[in-house]
Amino acid sequence: MEYTNLGKTGLQISRLSFGSWLTFGKQIDEVSVRKLMCSAYDHGVNFFDNAEIYARGMSETVMGKVLKKTQWSRDSYIVSSKVFFGAGGQLPTQKGLNRKHVVEACNQALERLQVDYLDLYFCHRPDKRTPIEETVWTMHHLIQQGKVLYWGTSEWSAQEIMEAHMVARQNHLIAPVVEQPEYNLFARSKVEVEFDQIYRTVGLGTTVWSPLASGVLSGKYNSELPTGTRFSIEGLEWLRDKNLSPDKLEISRKLANVASDLSITQAQLSIAWCLKNPNVSTVILGASKEAQLKENLASMNFTNRLTPKVMEEIELIMGNKPSFPNF
Ligand code: NDP
(Lines give C-alpha, C1' and ligand atoms only; values in the text may rest on other atoms or scores of the structure.)
Protein backbone atom coordinates (compact mmCIF):
# COMPACT_ATOMS: atom_id res chain seq x y z
CA MET A 1 0.00 0.00 0.00
CA GLU A 2 1.10 3.56 -0.62
CA TYR A 3 0.29 6.45 1.70
CA THR A 4 0.05 10.14 0.91
CA ASN A 5 -0.70 13.43 2.60
CA LEU A 6 -4.41 14.22 2.59
CA GLY A 7 -4.17 17.50 0.68
CA LYS A 8 -1.99 19.97 2.53
CA THR A 9 -2.52 18.26 5.89
CA GLY A 10 0.09 16.03 7.48
CA LEU A 11 -2.42 13.17 7.72
CA GLN A 12 -1.09 10.06 5.96
CA ILE A 13 -3.93 8.31 4.18
CA SER A 14 -3.75 5.03 2.25
CA ARG A 15 -4.24 5.55 -1.48
CA LEU A 16 -6.91 2.86 -1.45
CA SER A 17 -9.58 3.04 1.22
CA PHE A 18 -12.81 1.20 1.96
CA GLY A 19 -16.40 2.46 2.12
CA SER A 20 -19.68 1.08 3.40
CA TRP A 21 -22.40 2.63 1.21
CA LEU A 22 -25.19 0.15 0.29
CA THR A 23 -23.25 -2.79 1.69
CA PHE A 24 -22.79 -2.48 5.48
CA GLY A 25 -26.05 -2.93 7.37
CA LYS A 26 -27.90 -3.62 4.12
CA GLN A 27 -26.44 -6.03 1.52
CA ILE A 28 -24.08 -7.87 3.88
CA ASP A 29 -24.16 -8.95 7.54
CA GLU A 30 -21.75 -8.13 10.38
CA VAL A 31 -19.65 -11.29 9.88
CA SER A 32 -18.99 -10.38 6.23
CA VAL A 33 -18.30 -6.75 7.16
CA ARG A 34 -15.67 -7.93 9.63
CA LYS A 35 -14.00 -10.16 7.02
CA LEU A 36 -13.91 -7.33 4.49
CA MET A 37 -12.64 -4.70 6.93
CA CYS A 38 -9.95 -7.06 8.25
CA SER A 39 -8.88 -7.94 4.72
CA ALA A 40 -8.63 -4.24 3.82
CA TYR A 41 -6.73 -3.41 7.03
CA ASP A 42 -4.33 -6.33 6.52
CA HIS A 43 -3.60 -4.96 3.04
CA GLY A 44 -2.64 -1.59 4.54
CA VAL A 45 -5.94 0.28 4.10
CA ASN A 46 -6.14 2.83 6.90
CA PHE A 47 -9.28 4.80 5.97
CA PHE A 48 -12.84 3.54 6.43
CA ASP A 49 -15.61 5.76 5.09
CA ASN A 50 -19.12 6.07 6.49
CA ALA A 51 -22.11 8.44 6.74
CA GLU A 52 -25.15 8.97 8.96
CA ILE A 53 -27.48 8.19 6.04
CA TYR A 54 -25.90 4.84 5.08
CA ALA A 55 -28.50 2.19 6.00
CA ARG A 56 -29.96 4.94 8.20
CA GLY A 57 -27.29 4.71 10.86
CA MET A 58 -26.95 0.91 10.68
CA SER A 59 -23.79 1.13 8.58
CA GLU A 60 -22.09 3.10 11.37
CA THR A 61 -23.47 0.75 14.00
CA VAL A 62 -22.06 -2.32 12.22
CA MET A 63 -18.69 -0.64 11.55
CA GLY A 64 -18.57 0.41 15.22
CA LYS A 65 -19.15 -3.17 16.38
CA VAL A 66 -16.37 -4.42 14.11
CA LEU A 67 -13.95 -1.69 15.24
CA LYS A 68 -14.67 -2.65 18.82
CA LYS A 69 -14.20 -6.39 18.23
CA THR A 70 -11.01 -6.09 16.19
CA GLN A 71 -9.49 -3.84 18.87
CA TRP A 72 -7.26 -2.17 16.31
CA SER A 73 -5.24 0.54 17.94
CA ARG A 74 -7.16 3.82 17.50
CA ASP A 75 -4.02 5.48 16.13
CA SER A 76 -3.77 2.95 13.27
CA TYR A 77 -6.89 3.90 11.28
CA ILE A 78 -8.90 6.87 10.03
CA VAL A 79 -12.68 6.77 10.25
CA SER A 80 -15.17 9.24 8.80
CA SER A 81 -18.80 10.13 8.93
CA LYS A 82 -20.90 12.53 6.88
CA VAL A 83 -23.72 14.82 7.86
CA PHE A 84 -26.58 16.34 5.85
CA PHE A 85 -29.17 13.73 4.85
CA GLY A 86 -29.98 12.63 8.42
CA ALA A 87 -30.19 9.06 9.66
CA GLY A 88 -33.73 8.51 8.49
CA GLY A 89 -35.65 11.00 10.63
CA GLN A 90 -37.98 13.16 8.54
CA LEU A 91 -38.44 16.11 10.91
CA PRO A 92 -37.06 19.48 9.76
CA THR A 93 -34.46 19.50 12.56
CA GLN A 94 -33.11 16.07 11.68
CA LYS A 95 -31.13 16.99 8.57
CA GLY A 96 -29.06 19.74 6.97
CA LEU A 97 -25.90 21.60 7.90
CA ASN A 98 -27.41 23.82 10.61
CA ARG A 99 -25.61 23.89 13.97
CA LYS A 100 -28.28 21.81 15.71
CA HIS A 101 -28.20 18.91 13.28
CA VAL A 102 -24.43 18.91 12.70
CA VAL A 103 -23.73 18.75 16.47
CA GLU A 104 -26.39 16.10 17.12
CA ALA A 105 -25.36 14.01 14.09
CA CYS A 106 -21.73 14.11 15.22
CA ASN A 107 -22.65 12.92 18.72
CA GLN A 108 -24.81 10.15 17.25
CA ALA A 109 -22.07 9.04 14.82
CA LEU A 110 -19.56 8.85 17.69
CA GLU A 111 -21.99 6.71 19.65
CA ARG A 112 -22.77 4.36 16.74
CA LEU A 113 -19.12 4.03 15.69
CA GLN A 114 -18.06 3.64 19.35
CA VAL A 115 -15.15 6.05 18.96
CA ASP A 116 -14.18 9.19 20.88
CA TYR A 117 -13.52 11.27 17.76
CA LEU A 118 -14.02 11.22 13.98
CA ASP A 119 -10.83 11.67 11.98
CA LEU A 120 -12.75 13.14 9.04
CA TYR A 121 -16.20 14.71 9.13
CA PHE A 122 -17.80 15.58 5.78
CA CYS A 123 -20.68 17.89 4.89
CA HIS A 124 -22.34 15.34 2.58
CA ARG A 125 -23.93 17.96 0.29
CA PRO A 126 -24.14 21.77 0.31
CA ASP A 127 -27.13 23.10 2.27
CA LYS A 128 -28.83 26.01 0.53
CA ARG A 129 -30.90 26.74 3.66
CA THR A 130 -28.00 27.24 6.07
CA PRO A 131 -25.47 30.08 5.83
CA ILE A 132 -22.00 28.68 5.19
CA GLU A 133 -20.78 30.75 8.20
CA GLU A 134 -22.93 28.68 10.54
CA THR A 135 -21.51 25.40 9.24
CA VAL A 136 -17.89 26.59 9.32
CA TRP A 137 -18.26 27.84 12.92
CA THR A 138 -19.88 24.55 13.95
CA MET A 139 -17.14 22.42 12.39
CA HIS A 140 -14.53 24.64 14.04
CA HIS A 141 -16.17 24.13 17.43
CA LEU A 142 -16.40 20.34 16.97
CA ILE A 143 -12.68 20.29 16.20
CA GLN A 144 -11.94 22.44 19.26
CA GLN A 145 -13.99 20.06 21.40
CA GLY A 146 -11.86 17.14 20.14
CA LYS A 147 -14.82 15.38 18.52
CA VAL A 148 -13.48 15.83 14.98
CA LEU A 149 -9.89 16.12 13.69
CA TYR A 150 -10.38 17.38 10.11
CA TRP A 151 -13.48 18.45 8.23
CA GLY A 152 -14.40 18.41 4.58
CA THR A 153 -17.16 18.54 2.02
CA SER A 154 -18.75 16.17 -0.47
CA GLU A 155 -20.13 17.17 -3.86
CA TRP A 156 -19.65 20.87 -3.12
CA SER A 157 -18.73 23.17 -5.98
CA ALA A 158 -15.32 24.86 -6.08
CA GLN A 159 -17.12 28.14 -5.36
CA GLU A 160 -18.83 26.77 -2.24
CA ILE A 161 -15.55 25.32 -0.98
CA MET A 162 -13.83 28.68 -1.51
CA GLU A 163 -16.65 30.48 0.28
CA ALA A 164 -16.05 28.23 3.31
CA HIS A 165 -12.34 29.08 3.11
CA MET A 166 -13.11 32.79 2.94
CA VAL A 167 -15.31 32.60 6.07
CA ALA A 168 -12.64 30.57 7.85
CA ARG A 169 -9.89 33.00 6.91
CA GLN A 170 -11.90 36.09 7.97
CA ASN A 171 -12.73 34.60 11.37
CA HIS A 172 -9.53 32.64 12.05
CA LEU A 173 -11.43 29.35 11.95
CA ILE A 174 -10.31 25.91 10.78
CA ALA A 175 -11.11 25.49 7.08
CA PRO A 176 -12.17 22.33 5.21
CA VAL A 177 -9.23 20.28 3.95
CA VAL A 178 -10.83 17.59 1.81
CA GLU A 179 -13.61 17.10 -0.74
CA GLN A 180 -15.32 13.79 -1.57
CA PRO A 181 -16.43 13.87 -5.22
CA GLU A 182 -17.48 11.11 -7.58
CA TYR A 183 -14.56 10.12 -9.79
CA ASN A 184 -14.32 7.36 -12.34
CA LEU A 185 -13.79 6.97 -16.08
CA PHE A 186 -17.32 8.27 -16.70
CA ALA A 187 -17.38 11.15 -14.17
CA ARG A 188 -14.34 13.38 -14.53
CA SER A 189 -14.96 17.11 -14.82
CA LYS A 190 -15.08 18.11 -11.12
CA VAL A 191 -11.83 16.38 -10.23
CA GLU A 192 -9.97 17.14 -13.46
CA VAL A 193 -11.14 20.68 -14.23
CA GLU A 194 -13.36 22.36 -11.62
CA PHE A 195 -11.02 21.79 -8.67
CA ASP A 196 -7.81 22.29 -10.65
CA GLN A 197 -7.01 25.68 -9.09
CA ILE A 198 -7.86 24.78 -5.53
CA TYR A 199 -5.49 21.82 -5.31
CA ARG A 200 -2.80 24.47 -5.52
CA THR A 201 -4.34 27.45 -3.72
CA VAL A 202 -5.87 25.86 -0.62
CA GLY A 203 -4.23 22.44 -0.96
CA LEU A 204 -7.48 20.49 -1.31
CA GLY A 205 -7.27 16.72 -0.69
CA THR A 206 -9.75 14.32 -2.32
CA THR A 207 -11.32 11.02 -1.21
CA VAL A 208 -13.03 9.95 -4.44
CA TRP A 209 -16.09 7.68 -4.64
CA SER A 210 -17.56 5.03 -6.97
CA PRO A 211 -14.37 4.21 -8.89
CA LEU A 212 -16.25 1.40 -10.66
CA ALA A 213 -19.44 3.41 -11.33
CA SER A 214 -21.27 1.04 -8.98
CA GLY A 215 -19.71 -2.04 -10.60
CA VAL A 216 -20.27 -1.23 -14.29
CA LEU A 217 -16.56 -0.54 -14.83
CA SER A 218 -15.70 -3.99 -13.47
CA GLY A 219 -17.08 -5.27 -16.78
CA LYS A 220 -19.52 -7.68 -15.16
CA TYR A 221 -22.47 -6.15 -17.00
CA ASN A 222 -20.70 -6.26 -20.40
CA SER A 223 -22.63 -9.26 -21.70
CA GLU A 224 -25.41 -10.00 -19.19
CA LEU A 225 -27.34 -8.60 -16.27
CA PRO A 226 -26.19 -10.74 -13.34
CA THR A 227 -28.52 -11.16 -10.37
CA GLY A 228 -27.61 -10.52 -6.74
CA THR A 229 -25.92 -7.20 -7.39
CA ARG A 230 -26.75 -3.74 -6.04
CA PHE A 231 -28.75 -3.07 -9.20
CA SER A 232 -31.31 -5.70 -8.17
CA ILE A 233 -31.94 -4.06 -4.79
CA GLU A 234 -35.45 -2.65 -4.57
CA GLY A 235 -35.43 1.14 -4.52
CA LEU A 236 -32.13 1.42 -6.39
CA GLU A 237 -33.65 1.48 -9.89
CA TRP A 238 -32.44 5.09 -10.23
CA LEU A 239 -28.85 3.95 -9.68
CA ARG A 240 -29.19 1.16 -12.25
CA ASP A 241 -30.69 3.56 -14.81
CA LYS A 242 -27.95 6.14 -14.16
CA ASN A 243 -25.11 3.66 -14.67
CA LEU A 244 -26.36 0.95 -17.03
CA SER A 245 -26.96 2.93 -20.23
CA PRO A 246 -26.23 1.32 -23.63
CA ASP A 247 -23.47 3.86 -24.44
CA LYS A 248 -21.68 3.21 -21.13
CA LEU A 249 -21.86 -0.54 -21.71
CA GLU A 250 -20.43 -0.14 -25.20
CA ILE A 251 -17.47 1.79 -23.81
CA SER A 252 -17.06 -0.71 -21.00
CA ARG A 253 -16.77 -3.57 -23.51
CA LYS A 254 -13.93 -1.74 -25.26
CA LEU A 255 -12.13 -1.18 -21.95
CA ALA A 256 -12.29 -4.93 -21.34
CA ASN A 257 -9.96 -5.44 -24.33
CA VAL A 258 -7.42 -2.95 -22.95
CA ALA A 259 -7.44 -4.69 -19.57
CA SER A 260 -7.02 -8.07 -21.21
CA ASP A 261 -4.01 -6.82 -23.22
CA LEU A 262 -2.44 -5.70 -19.90
CA SER A 263 -3.24 -9.02 -18.20
CA ILE A 264 -5.27 -7.31 -15.49
CA THR A 265 -9.00 -7.30 -14.80
CA GLN A 266 -11.23 -4.45 -15.96
CA ALA A 267 -11.90 -3.49 -12.33
CA GLN A 268 -8.15 -3.20 -11.75
CA LEU A 269 -7.73 -1.10 -14.88
CA SER A 270 -10.51 1.28 -13.81
CA ILE A 271 -9.20 1.68 -10.25
CA ALA A 272 -5.56 2.03 -11.36
CA TRP A 273 -6.71 4.75 -13.78
CA CYS A 274 -8.14 6.74 -10.82
CA LEU A 275 -4.89 6.23 -8.87
CA LYS A 276 -2.88 7.71 -11.76
CA ASN A 277 -4.37 11.14 -10.98
CA PRO A 278 -2.00 12.81 -8.48
CA ASN A 279 -4.82 15.03 -7.18
CA VAL A 280 -6.65 11.96 -5.93
CA SER A 281 -5.53 11.39 -2.33
CA THR A 282 -7.43 8.14 -1.90
CA VAL A 283 -9.80 6.01 -3.97
CA ILE A 284 -12.63 4.67 -1.82
CA LEU A 285 -13.35 1.08 -2.82
CA GLY A 286 -16.71 -0.61 -2.39
CA ALA A 287 -17.19 -4.38 -2.27
CA SER A 288 -19.90 -6.81 -1.25
CA LYS A 289 -17.60 -9.85 -1.49
CA GLU A 290 -14.08 -10.57 -0.26
CA ALA A 291 -12.92 -11.72 -3.71
CA GLN A 292 -13.96 -8.35 -5.18
CA LEU A 293 -12.07 -6.47 -2.49
CA LYS A 294 -8.89 -8.51 -2.95
CA GLU A 295 -9.04 -8.06 -6.72
CA ASN A 296 -9.53 -4.30 -6.29
CA LEU A 297 -6.77 -3.91 -3.71
CA ALA A 298 -4.31 -5.46 -6.15
CA SER A 299 -4.88 -2.46 -8.49
CA MET A 300 -2.20 -0.70 -6.45
CA ASN A 301 0.38 -2.99 -8.09
CA PHE A 302 -0.69 -2.25 -11.65
CA THR A 303 -0.56 1.52 -12.03
CA ASN A 304 2.77 1.21 -13.87
CA ARG A 305 1.06 -0.87 -16.57
CA LEU A 306 -0.98 2.20 -17.46
CA THR A 307 1.83 3.79 -19.48
CA PRO A 308 1.30 7.09 -21.33
CA LYS A 309 0.50 5.03 -24.45
CA VAL A 310 -2.14 2.99 -22.60
CA MET A 311 -3.60 6.16 -21.04
CA GLU A 312 -3.89 7.60 -24.54
CA GLU A 313 -5.62 4.45 -25.77
CA ILE A 314 -8.11 4.72 -22.87
CA GLU A 315 -8.62 8.41 -23.66
CA LEU A 316 -9.53 7.56 -27.26
CA ILE A 317 -12.06 4.96 -26.14
CA MET A 318 -13.63 7.27 -23.55
CA GLY A 319 -13.74 10.40 -25.71
CA ASN A 320 -14.79 12.40 -22.63
CA LYS A 321 -11.66 14.27 -21.55
CA PRO A 322 -13.06 17.38 -19.84
CA SER A 323 -11.73 20.60 -21.31
CA PHE A 324 -10.65 23.80 -19.58
CA PRO A 325 -12.59 26.95 -20.53
CA ASN A 326 -11.02 28.86 -23.45
CA PHE A 327 -9.54 32.29 -22.85
P1 NDP B 1 -17.78 1.25 -6.71
O2 NDP B 1 -18.18 2.12 -7.83
O3 NDP B 1 -16.41 0.67 -6.77
O4 NDP B 1 -18.86 0.09 -6.59
C5 NDP B 1 -18.68 -0.95 -5.66
C6 NDP B 1 -19.60 -2.10 -6.01
O7 NDP B 1 -19.24 -2.65 -7.29
C8 NDP B 1 -19.46 -3.25 -5.03
O9 NDP B 1 -20.23 -3.07 -3.88
C10 NDP B 1 -19.89 -4.43 -5.88
O11 NDP B 1 -21.30 -4.38 -6.02
C12 NDP B 1 -19.26 -4.07 -7.23
N13 NDP B 1 -17.86 -4.52 -7.35
C14 NDP B 1 -16.77 -4.04 -6.68
N15 NDP B 1 -15.65 -4.66 -7.07
C16 NDP B 1 -16.01 -5.55 -8.02
C17 NDP B 1 -15.27 -6.46 -8.80
N18 NDP B 1 -13.96 -6.58 -8.67
N19 NDP B 1 -15.95 -7.23 -9.70
C20 NDP B 1 -17.28 -7.11 -9.82
N21 NDP B 1 -18.05 -6.25 -9.11
C22 NDP B 1 -17.40 -5.46 -8.21
O23 NDP B 1 -17.83 2.01 -5.32
P24 NDP B 1 -19.10 2.51 -4.45
O25 NDP B 1 -20.15 3.07 -5.32
O26 NDP B 1 -19.46 1.44 -3.50
O27 NDP B 1 -18.43 3.71 -3.68
C28 NDP B 1 -17.33 3.46 -2.78
C29 NDP B 1 -17.51 4.25 -1.52
O30 NDP B 1 -17.52 5.64 -1.80
C31 NDP B 1 -18.82 4.01 -0.75
O32 NDP B 1 -18.81 2.85 0.01
C33 NDP B 1 -18.89 5.26 0.09
O34 NDP B 1 -18.05 5.14 1.22
C35 NDP B 1 -18.35 6.32 -0.86
N36 NDP B 1 -19.44 7.03 -1.55
C37 NDP B 1 -19.62 8.35 -1.25
C38 NDP B 1 -20.64 9.08 -1.83
C39 NDP B 1 -20.80 10.52 -1.48
O40 NDP B 1 -21.80 11.13 -1.87
N41 NDP B 1 -19.88 11.11 -0.75
C42 NDP B 1 -21.56 8.47 -2.80
C43 NDP B 1 -21.27 7.09 -3.08
C44 NDP B 1 -20.24 6.42 -2.48
P45 NDP B 1 -22.25 -5.66 -6.18
O46 NDP B 1 -22.71 -6.02 -4.83
O47 NDP B 1 -23.32 -5.14 -7.05
O48 NDP B 1 -21.43 -6.77 -6.80
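Residues numbered from 1 in each chain as written. Predicted model: local features only at pLDDT ≥ 70, side-chain atom pairs only at ≥ 80, totals over all residues. Heavy atoms only, no water.

### A word on the overall build of the chain
Then comes step 1: Along its length, the chain carries twelve helices and ten strands.
Then comes step 2: At 19 Å, the chain has a C-alpha radius of gyration in line with the 20 Å of a compact globule built from 327 residues.
Then comes step 3: On the principal axes, the C-alpha backbone points of the chain span a range of 55 × 55 × 35 Å.
Then comes step 4: Buried positions account for 57% of the 327 residues belonging to the chain.
Then comes step 5: Accessible surface for the chain amounts to roughly 14,600 Å². Of this, 51% is attributable to carbon and sulfur atoms.
Then comes step 6: In the chain, the 36 positive side-chain charges and the 35 negative ones have mean positions that sit 2 Å from each other. (Helix = DSSP H or I, 4+ residues; strand = E, 2+ residues; numbered from the N terminus. Rg over C-alpha atoms; globule rule 2.2 N^0.38 Å. Buried < 20%, exposed > 50% of the residue type's maximum accessible area, 1.4 Å probe, protein only. Areas by Shrake-Rupley, 256 points an atom, 1.4 Å probe, with all protein chains shown as cover. Lys, Arg positive; Asp, Glu negative; His and termini not counted. Charge placed at Lys NZ, Arg CZ, Asp CG, Glu CD.)

### Some points on the side chain of S299
Then comes step 1: By secondary structure assignment, the location of S299 is in the loop between α11 (290–297) and α12 (308–318).
Then comes step 2: Since its relative accessible area comes to 0%, S299 is described here as buried.
Then comes step 3: Not counting residues within four places of it along the chain, the set of residues in contact with S299 comprises A267, Q268, I271, A272 and L275. (Contact = heavy atoms within 4.5 Å.)

### Here we look at the packing of helix α2 (residues 58–70) against helix α3 (residues 99–113)
Then comes step 1: Where α2 meets α3, the closest approach of the two axes is 7 Å, and the angle between their N-to-C directions is 45°. In terms of axis orientation, α2 runs oblique to α3. Residue-level contacts link E60, T61, M63, G64 and L67 of α2 to A109, R112 and L113 of α3.
Then comes step 2: Residue classes in the contact of α2 with α3 are distributed as four nonpolar, two polar and two charged. (Axes fitted to C-alpha atoms, helices over the stretch in contact; angles between N-to-C directions. Parallel < 35°, antiparallel > 145°, perpendicular 65-115°, else oblique. Nonpolar A, V, L, I, M, F, W, Y, C, P; charged D, E, K, R; others polar.)

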